[in-house]
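Residue-level listing of the chains:
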Amino acid sequence: MGFFSRISEGLARSREKFTEQMNVLLDRGPDLDEEFWEGLEETLILADIGGAAASDIVEDLRDKATRKALPDAYAVLDMLNDRMAEAFCAGGEEVFGGEPACVLFVGINGAGKTTTVGKLAKEATDAGRTVLLGSADTFRAAAIEQLEEWARRADVEICTRERGSDPASVCYDTIERAEQKNADLVLIDTAGRLHTSADLMRELEKVVNVVRKRSKLPVYTVLVIDATTGQNGLAQAREFDRALKLDGVIVTKLDGTAKGGIALAVSHELELPVLKIGVGEGLGDLKDFDAHDFARAFVGDFDERS
Ligand SMILES: Nc1nc2c(ncn2[C@@H]2O[C@H](COP(=O)(O)OP(=O)(O)OP(=O)(O)O)[C@@H](O)[C@H]2O)c(=O)[nH]1
């Protein structure tokens, strides 16, 4: 299956919900009146793209509609994909672009961190990079085993310590080992934690600071968000960013939800680039993010609908 088709399939549920709501709006006719603009903003908010992004997109489209004397709603909706794509924060290519890097993965429990680290390890080794994994999730025994299994599959080395060890110590070991073996990509999994738990967030700050201080490779901190958590993803991103100063986000489980718009809400409101998206559990289901592909797959084709 082609790259775009896979993303399109992954976003099918989000697109179906969006199409349904957009059709309700279009059923009242294609006039560009106040009701249309209000309805468009509401439809975008219901699609989980967040109040700020929805309002910016509608304001801009409204301005363009006036300037270009657009005839009807379909002409406006033809421009929606591009406008939506522009609303994503750009950048972040340095994280997984092939340059040496040490990447820490953070997020709430079950967001998909370990799986994402595993998929990236395989992708990077296949591309000929020297990868080292660090399992700083010393809280959940199964997480260590899970990452060890991914390390076996990707045939990469992994640094672990027994359950209950200090996660910062695992990071020390990992960085030391990375230097010994000249690894050019270090991927560190951390234990899931709620963004509302002050103690656990402080512990994570300590882990991240140790890595930032010790690593000779550039260090990036990436938040993994489970798209099925919808608007809660915004609260997660806000708190993790406040504590750790994030470099980007990875949005997983887009295949299992109609709430895929959260990727745009987080990227736009917190000015964080989306680095990868997860559209399934399989090895090949972690995809490079392209804002135009995402918007096209999310919005679909209005001509067919009209
Ligand atoms: N459908 C789908 N499932 C995914 C995706 N990414 C991860 N998962 C699944 O989500 C579940 C949780 O993933 P983990 O990688 O264990 O999550 P985690 O963030 O490491 O969890 P903790 O260590 O408890 O914080 C697993 O069953 C994964 O297979 C995705 O893109 N799509």
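Residues numbered from 1 in each chain as written. Predicted model: local features only at pLDDT ≥ 70, side-chain atom pairs only at ≥ 80, totals over all residues.

Draft legend 1. Representation of the overall build of the protein. A count of helices and strands for the protein gives 15 helices and eight strands. Here the protein has a C-alpha radius of gyration of 21 Å; the compact-globule value for 306 residues is 19 Å, and the two agree. Projected onto its principal axes, the C-alpha coordinates of the protein cover approximately 65 × 40 × 30 Å. Across the 306 residues of the protein, 47% fall into the buried class. Put simply, 76% of the contacts in the protein that link residues at least 6 apart link residues at least 24 apart. (Helix = DSSP H or I, 4+ residues; strand = E, 2+ residues; numbered from the N terminus. Rg over C-alpha atoms; globule rule 2.2 N^0.38 Å. Buried ≥ 20, exposed ≤ 12 C-beta atoms within 10 Å, placed from the backbone. Contact = placed C-beta atoms within 7 Å.)

Draft legend 2. Quick peek at the domain arrangement of the protein. In terms of domains, the protein is made up of domain 1 (3-89) and domain 2 (93-295). On the domain 2 side, the residues contacting the 21 residues of domain 1 number 28 residues. Every element with two or more residues in the side of domain 1 that touches domain 2 is listed here: helix H1 (3-10), helix H2 (12-26), helix H4 (51-67) and helix H6 (80-87). (Domains from an automatic or database assignment.)

Draft legend 3. Region of the structure containing the sheet that holds strand E1 (residues 101-106). Strand order across the open sheet formed by eight strands is E3-E2-E4-E1-E5-E6-E7-E8, with mixed pairing between neighbours. Of all strands in the sheet, those with a lone pairing partner are strand E3 (157-159) and strand E8 (286-288), marking the two edges. Going from strand to strand, the sheet's axes swing by 25° on average, the running direction of each strand aside. Relative to E3, strand E2 (residues 131-136) runs parallel, the two sharing three bridges. Bridged to glycine 134 within E3 is cysteine 159. Strands in contact with helix H13 (residues 262-270) are strand E5 (219-226), strand E6 (248-252) and strand E7 (274-278); relative to E6, the strand with the most contacts, it is inclined by about 170°. (Pairing = 2+ DSSP bridges. Axes fitted to C-alpha atoms, helices over the stretch in contact; angles between N-to-C directions.)

Draft legend 4. Quick look at H13. Burial within H13 is extensive, with seven of its nine residues counted as buried. Considered for burial, the residues of H13 that qualify are Ile262, Ala263, Leu264, Ala265, Val266, Ser267 and His268. Once H13 ends, the next one or two residues include glutamate 271, with phi positive near 50°.

Draft legend 5. A look at the pairing of E2. Most of E2 is tucked away, with six of its six residues classed as buried. Bridging between E2 and strand E4 (residues 185-190) involves six bridges; their strand directions are parallel. Each bridged residue has a counterpart across the sheet, and for glycine 134 the counterpart in E4 is isoleucine 188. The handedness of the E2 to E3 crossover, carried by helix H9 (residues 141-154), is right-handed. (Right-handed = clockwise from strand over helix to strand, strands pointing away.)

Draft legend 6. Here's a closer look at the UniProt feature "domain: AAA+ ATPase" (unreviewed entry) in the protein. The UniProt record annotates "domain: AAA+ ATPase" (unreviewed entry) at residues 99-256. Strand forms 22% of residues 99-256 and helix 46%; the C-alpha atoms that close the span are 32 Å apart. (UniProt positions renumbered as here; feature names shortened; annotations may be inferred.)

Draft legend 7. Local environment of the packing of helix H8 (residues 113-126) against H9. One can describe the packing of H8 onto H9 by two numbers: an axis separation of 9 Å at closest approach and a directional angle of 15°. On the basis of the axis angle, H8 is roughly parallel to H9. Note that H8 runs across H9; the crossing there is right-handed. Between H8, through Thr114, Val117, Gly118, Ala121, Lys122 and Thr125, and H9, the contact on the second element is made entirely by Ala143, Gln146, Leu147, Trp150, Ala151, Arg153 and Ala154. Partitioning the contact of H8 with H9 into residue classes produces seven nonpolar, four polar and two charged. (Parallel < 35°, antiparallel > 145°, perpendicular 65-115°, else oblique. Left-handed = near helix turned anticlockwise from the far one by under 90°. Nonpolar A, V, L, I, M, F, W, Y, C, P; charged D, E, K, R; others polar.)

Draft legend 8. Region of the structure containing the pairing of E6. Where burial is concerned, most of E6 is hidden: five out of the five residues are buried. Where burial is concerned, the two faces of E6 agree: the one with Gly248, Ile250 and Thr252 and the one with Val249 and Val251 are both buried. Note that E5 and E6 share five bridges and pair parallel. The residue bridging aspartate 226 from the neighbouring strand is threonine 252, located in E6. In this fold, E5 hands off to helix H12 (residues 232-244), which returns the chain to E6; that crossover is right-handed.

Draft legend 9. Region of interest: H9. The end-to-end C-alpha distance of H9, which contains 14 residues, comes to 20 Å, matching closely the 20 Å that a straight helix rising 1.5 Å per residue would cover. Of the residues making up H9, those classed as buried are Ala143, Ile144, Leu147, Trp150, Ala151 and Ala154. All buried residues of H9 lie within an arc of 125° about the axis, which places them on one face of the element. Summarising the geometry of H9, the exposed residues directed more than 90 degrees from the buried face are Ala141, Ala142 and Arg152. At its buried positions, H9 is contacted by H8, E2, E3 and E4. (Expected span 1.5 Å × (residues − 1). Arc of directions from axis to C-beta.)

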